[in-house]
Amino acid sequence: MTSVLSLPALHASHAGIWLVGPDGAREAGRGEAIRAVSDTPHILLNAPLAGQRLGYAEVSGLDLLELFAFIHPARFVVPTVPGLASFVGLDTPADEAAAAALLPAIAGRLLATLGEEDWAAREGAWTINATLHRLGWGWAGLVGQRLRRPERGERMLFSRLEPWEEAAERPPARVIRLGDGEAEARLAQLTGAGSETREGQRAFAGAAAHAFAPRDRRDAPNVLLAEAGTGIGKTLGYLAPASLWAEKAGGTVWVSTYTKALQRQLDAEGRRIVPDEEQRKKRIVVRKGRENYLCLLNLEDAMQGSFSGRAAVLAQLVGRWAAYSKDGDMVGGDLPGWLPSLFRRAGATALTDRRGECVYAGCPHYRKCFIEKAERASRGADLVIANHALVMVSAARGRLGGGLERIVFDEGHHLFDAADSTFAVALTGAETIELRRWIIGPERSSRGRRRGLAARLLDVCSYDEEGAVALDAAVQAAGLLPGDGWLGRVVEGLPLGPLEALFAAVRSSVLARARAEDAGYGLETELAEPDAPLVEAAAAALVALEALQRPMTALRLRLEAVLEDAPDWLDAAARARVEGAIAGLNWRGGAVAAWAQLLARVGGAADPDFVDWMNVDRIEGRELDIGFQRRWLDPTRPLAKAVIEPAHGVLVTSATLRGGEEHWEVANARTGAAHLPTAPAHFHAASPFDYASAAEVLVVTDVRQGDLAALANAYARLITAAGGGTLGLFTAIARLKAVQARIADRLARERLPLLAQHVDPIDTGTLVDMFRADPRASLLGTDALRDGVDVPGESLRLVVMERVPWPRPTVLHAARRLAGGGSAYDDRVVKARLAQAFGRLVRRQGDRGTFVMLSAACPSRLLTAFPPGVQVSRVTLDEAVSRVAAARETTGGSVGERGGELRPDPLQRID
Ligand code: SF4
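Residues numbered from 1 in each chain as written. Predicted model: local features only at pLDDT ≥ 70, side-chain atom pairs only at ≥ 80, totals over all residues. Heavy atoms only, no water.

### Overview of the overall build of the protein
Then, number 1: Of regular secondary structure, the protein possesses 37 helices and 23 strands.
Then, number 2: In terms of overall dimensions, the protein is globule-like: its C-alpha atoms have a radius of gyration of 28 Å, near the 29 Å expected for 911 residues.
Then, number 3: Counting the 911 residues in the protein, one finds 56% classified as buried.
Then, number 4: Long-range pairs, those at least 24 residues apart, make up 76% of the contacts in the protein between residues at least 6 apart in sequence.
Then, number 5: Split by element, the accessible area of the protein, about 37300 Å² in all, is 50% carbon and sulfur. (Helix = DSSP H or I, 4+ residues; strand = E, 2+ residues; numbered from the N terminus. Rg over C-alpha atoms; globule rule 2.2 N^0.38 Å. Buried < 20%, exposed > 50% of the residue type's maximum accessible area, 1.4 Å probe, protein only. Contact = heavy atoms within 4.5 Å. Areas by Shrake-Rupley, 256 points an atom, 1.4 Å probe, with all protein chains shown as cover.)

### Some remarks on the sheet that holds strand S8 (residues 284–286)
Then, number 1: Taken together, the 7 strands give an open sheet; going across it, the order is S8-S9-S7-S10-S15-S6-S16, and neighbouring strands pair in parallel fashion. Single-partner strands in this sheet number two, and they are S8 and strand S16 (681–685). The sheet shows a mean angle of 15 degrees between the axes of neighbouring strands, direction not considered.
Then, number 2: As judged from the 4 bridges shared by strand S7 (residues 253–257) and strand S10 (residues 406–409), these two strands associate in the parallel manner. Among the inter-strand pairings, Val253 is bridged to a residue of S10, identified as Arg406. (Pairing = 2+ DSSP bridges. Axes fitted to C-alpha atoms, helices over the stretch in contact; angles between N-to-C directions.)

### Some details on the environment of Arg272
Then, number 1: Considering the arrangement of structural elements, one finds Arg272 in helix H12 (residues 260–273).
Then, number 2: The partly exposed category is assigned to Arg272, whose relative accessible area is 41%.
Then, number 3: Sequence spacing of Arg272 and Leu190 is 82 residues, and the spatial spacing of their C-alpha atoms is 5.8 Å.
Then, number 4: Every residue in contact with Arg272, bar those within four places of it in the chain, is listed here: Leu190, Thr191 and Leu236.

### A few points about helix H6 (residues 125–134)
Along an α-helix, residues three or four apart share an orientation, since each turn contains 3.6 residues.
Then, number 1: Those residues of H6 not exposed but buried are Ala125, Ile128, Asn129, Thr131 and Leu132. Seen end-on, H6 carries its buried residues on one side only, within an arc spanning 160 degrees.
Then, number 2: Elements in contact with the buried residues of H6: helix H3 (64–71), helix H7 (140–146), helix H14 (296–306) and helix H15 (309–324). (Arc of directions from axis to C-beta.)

### Let's talk about the site of the ligand
Then, number 1: Taken together, Arg290, Cys295, Leu296, Leu297, Cys358, Val359, Cys363, Tyr366, Cys369 and Ile371 form the complete shell of residues around the ligand.
Then, number 2: In terms of residue class, the shell around the ligand is built from 9 nonpolar, no polar and 1 charged. (Near = heavy atom within 4 Å. Nonpolar A, V, L, I, M, F, W, Y, C, P; charged D, E, K, R; others polar.)

### Remarks on the pattern of salt bridges
Then, number 1: A full pass over the atoms with the stated rule returns 43 salt bridges.
Then, number 2: With a shortest N-O distance of 2.9 Å, Lys234 and Asp410 are connected by a salt bridge. You can see Lys234 sitting in helix H11 (residues 234–249) and its partner Asp410 sitting in the loop between S10 and helix H19 (415–422), a full 176 residues away along the chain. Here the two residues Lys234 and Asp410 agree in accessibility, since each one is buried.
Then, number 3: Salt-bridge contacts for Asp847 lead to Arg844; the nearest nitrogen and oxygen are separated by 3.8 Å.
Then, number 4: We classify Arg844 as partly exposed; its relative accessible area is 23%.
Then, number 5: In the salt-bridge network here, residues are joined through shared partners; they are Arg170, Arg186, Glu247, Arg283 and Asp382. (Salt bridge = Lys/Arg side-chain N within 4 Å of Asp/Glu carboxyl O.)

### Observations concerning the environment of Ser509
Then, number 1: Inspection of the secondary structure puts Ser509 in helix H25 (residues 497–513).
Then, number 2: In contact with Ser509, other than residues within four places in its own chain, are Thr525, Asp531, Leu534 and Met614.

### A look at the pairing of strand S14 (residues 622–632)
Then, number 1: Most of S14 is tucked away: 8 of the 11 residues are buried.
Then, number 2: By the bridge criterion, 4 bridges tie strand S11 (residues 425–428) to S14 in an arrangement that is antiparallel. What sits directly across from Thr428, in S14, is Gly627.
Then, number 3: In the sheet, strand S13 (residues 610–619) pairs with S14 via 10 bridges, with the strands oriented antiparallel. In the sheet register, Ile619 faces S14, and the bridge partner there is Arg622.

### A look at the packing of aromatic side chains
Then, number 1: In this structure the tally under the stated criterion is 15 aromatic pairs.
Then, number 2: An angle of 55 degrees between the planes, with centres 5.8 Å apart, marks the rings of Tyr691 and Phe838 as tilted. Pair noted here: Tyr691 is in helix H30 (residues 691–694) and Phe838 is in helix H36 (residues 823–839), with a separation of 147 residues, a long-range link. Each member of the pair, Tyr691 as well as Phe838, carries the same accessibility label: buried.
Then, number 3: For the ring pair Phe838 and Phe851, a centre distance of 6.1 Å and an interplane angle of 45 degrees mean the geometry is tilted. Placement of the pair is Phe838 in helix H36 and Phe851 in strand S22 (residues 849–853), with a sequence separation of 13 residues. The same class applies to Phe838 and to Phe851, which are both buried.
Then, number 4: In this structure an aromatic cluster arises from ring pairing among Phe689, Tyr691, Phe838, Phe851 and Phe866.
Then, number 5: Residue placement shows Arg658 over the ring face of Trp664; its charged tip is 5.2 Å from the ring centre. (Phe/Tyr/Trp six-rings, centres within 6.5 Å; stacked < 30°, edge-to-face > 60°. Lys NZ or Arg CZ within 6 Å of the ring centre and 35° of its normal.)

### Some remarks on the sheet that holds S22
Whenever strands of a sheet pair, they do so through backbone hydrogen bonds, lying parallel or antiparallel.
Then, number 1: Spatially, the 7 strands line up as an open sheet ordered S19-S20-S18-S21-S22-S17-S23, and their pairing is parallel. Edge positions in the sheet fall to strand S19 (754–756) and strand S23 (871–875), since each of these pairs with one other strand and no more. Averaged over all neighbouring strand pairs, the angle between strand axes comes to 20 degrees, with direction disregarded.
Then, number 2: Relative to strand S21 (residues 798–801), strand S18 (residues 726–729) is paired through 4 bridges, and the arrangement is parallel. Residue pairing in the sheet places Gly728 in a bridge with Val800 of S21.
Then, number 3: Running over the sheet, helix H31 (residues 708–722) touches S18, S19, strand S20 (778–781), S21 and S22 and is turned about 175 degrees from S21.

### Brief notes about H11
Then, number 1: Compared with the 22 Å implied by 1.5 Å per residue over 16 residues, the 22 Å span of H11 between its first and last C-alpha is a close match.
Then, number 2: Backbone geometry just after H11 places Gly250 at a positive phi near 65 degrees. (Expected span 1.5 Å × (residues − 1).)

Okay, here's the thing in structure tokens:
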């Protein structure tokens with residue numbers, strides 16, 4: 001048996017490069033390291049990251065993370081040397097050389113697991129390793145030497161998964177009213193005997209019961225807007241009445257979040273509500289959009305040969321995971337977020353059902369399908385934990401039979417943005433080619449098992465003549481939509497068909513009128529005063545869309561009639577397939593109707609409810625998509641109409657619902673409550689934290705705007721003074737990259753690791769996990785980090801914002817600004833963003849920290865965004881650095897000595 005301890009290893013970080021051989025670890029130069037890894041496979045950790053640090057993207061080798069994914073599928077680990085060391089029971093390395101030296105030992109411990117009797121993931125390992133061996137996976141030989149050959153053939157993955165069970169439809173929820181004090185009593189039960197009573201939380205639970213009272217009037221739900229400051233414990237505050245109502249009424253409460261972190265936290269809180277695990281699986285269900293889940297049919301295709309090279313290795317590792325996954329959720333579930341990025345994302349998205357090509361009951365895995373399982377589980381659950389987009393889409397499309405009657409929107413300050421994207425219309429090349437593929441089927445080079453509507457409905461239409469005629473007409477009409485290579489043809493001025501011609505006209509208008517932006521990012525221009533070629537192209541495209549709309553509608557009606565008057569040959573499988581096609585035709589037909597409506601106004605009067613513009617989507621100068629965009633001027637109008645009004649009770653809550661204002665006008669407007677026939681109830685509980693002593697705000701006055709060197713220097717000095725633990729927030733990716741490039745190596749030499757969104761080839765969730773796990777690490781990022789990072793404790797003790805987060809001057813922003821009171825609108829947006837960013841700092845009792853704004857141009861009127869009592873000072877950079885250092889002395893001085901320590905309980909959060 002080959003000893004792994006004798007294998008060479010490579011460790012590359014911003015601090016340097018280490019090669020590990022028989023004599024231990026030694027520093028090496030870039031060239032030597034590249035030669036070494038090219039000659040012999042080395043043990044390493046995260047090959048794409050190592051490749052980036054080496055400046056040699058082609059690096060490959062024996063990646064410990066791939067081995068971990070094979071041996072411990074569906075298990076969480078922080079994907080760093082300290083993270084893996086802690087997982088396998090080794091000491092945290094004291095420095096980078098020690099980290100390098102540890103790599104073979106980690107490999108040894110991981111491989112030793114294969115011989116342990118109680119290894120939980122043994123089933124399936126032999127078979128998959130044999131396939132991986134054929135695919136040339138580096139670890140396969142070492143794994144194979146240590147794996148016992150199973151006595152009997154292993155069951156295939158697909159036979160090991162549990163099927164879902166069909167259940168009768170749930171009866172409507174009973175009409176009940178929670179009695180006085182019942183919600184509070186349930187809260188006390190959930191928080192446990194002996195736990196300290198939090199008055200704000202008690203009051204919140206009592207107030208939240210309002211959303212579960214019987215509704216008095218149709219289309220007039222009981223709505224409560226509740227601002228509960230950080231530290232109140234609002235999740236248990238609303239889960240108390242929600243779970244009680246669900247039990248007593250036999251109904252379902254949808255709890256909707258904006259971030260995956262909060263979804264995971266709610267899932268974890270479920271243990272208090274239903275301690276028994278088996279019961280809990282039935283009563284508390286996490287539900288996401290179908291594009292998040294693994295499609296078993298796509299996986300089977302990929303495992304059986306439609307993927308090749310590295311993508312084929314990924315498919316096998318995903319196959320390992322699927323057998324042990326809790327719910328098959330590939331995005332934010334128990335598939336490690338870092339796994340697809342190890343394969344440079346090759347193939348991962350093709351394993352989900354992104355394009356609505358599911359064949360439902362026609363699929364051999366239908367009874368075990370993760371998507372179907374999640375959907376069925378949610379039908380009978382007490383609590384369904386979902387996200388804003390899914391709740392809005394489901395409610396708007398009337399997907400859920402009885403509808404969504406009780407909804408809790410947590411992170412309610414994001415409702416406006418979620419509604420904005422949910423109710424948006426995009427008529428672009430990418431959207432239209434997708435529709436063409438859905439109807440006609442795959443084109444020449446497509447990967448996997450995609451089939452068009454025609455193939456999926458072949459048997460149905462062979463029995464139903466009218467249906468066959470409509471389907472034929474739809475396929476003909478879809479042929480006028482853009483096809484493979486459309487973008488190239490449009491850019492070269494050689495469009496094919498009316499839609500491609502339209503996008504060529506759009507592109508030419510955008511290039512003529514858009515304000516030239518830096519760095520080759522998106523271009524856009526208002527849809528106003530269109531020139532004659534654009535008006536003509538829009539008219540021709542409208543005719544083509546209408547020609548498609550008619551047979552789509554006819555086909556849908558025909559299929560509905562077939563279901564209604566079910567003929568003998570319509571077995572359960574065909575019925576499910578027809579139902580799937582009807583649902584698809586419904587929402588895609590809705591999209592075509594919205595496109596037609598948008599085109600009909602080109603050259604005519606604008607609709608005051610909408611903001612329309614044309615854009616060319618680009619990244620670093622490369623064009624990606626072209627088309628029209630339409631947004632509601634106020635997206636809370638469709639939100640109120642389609643989602644809130646039909647419900648019986650809705651609770652909207654957030655720590656910053658009022659956006660830093662004392663009154664409720666902003667909250668009413670941003671949540672859709674202002675459009676409801678009856679006024680909402682309001683509740684407010686201030687945070688119990690003493691912000692005045694826990695945090696201070698420093699506005700630095702002497703870092704010149706536009707001076708990148710000065711900006712980078714300021715970041716480096718502040719991070720050093722804090723000893724890491726810094727979240728650096730940027731308003732532009734280009735500046736983030738420029739600062740990161742200037743300071744990463746310098747900080748690494750002081751043992752202060754720097755992680756960066758948009759730079760490191762790692763998904764954002766994993767970056768946050770890595771940041772949380774190492775109190776000396778710092779993290780740079782943009783909007784997603786400003787709004788969603790939840791890192792309690794000393795790992796986050798300094799937030800540095802490079803600029804005032806003004807909204808980007810887009811067509812959409814200009815229209816909303818005009819409608820929303822001009823600069824007052826901008827101020828509201830900025831204050832909400834500042835409040836969110838500041839909110840990252842103090843997550844639980846005892847947290848302390850400093851918020852630094854590196855912009856002297858921060859107007860004083862915006863500073864009310866911070867909690868009352870927090871001291872705000874305008875200071876020089878020198879002064880800011882010494883205050884940050886002093887804060888470290890008084891609070892986190894010990895942190896500096898704890899480099900690399902893994903923090904327990906990564907999901908802990910106090911809201
Ligand atoms: S039922 Fe649909 S989504 Fe599920 S595995 Fe089959 S094809 Fe994929």
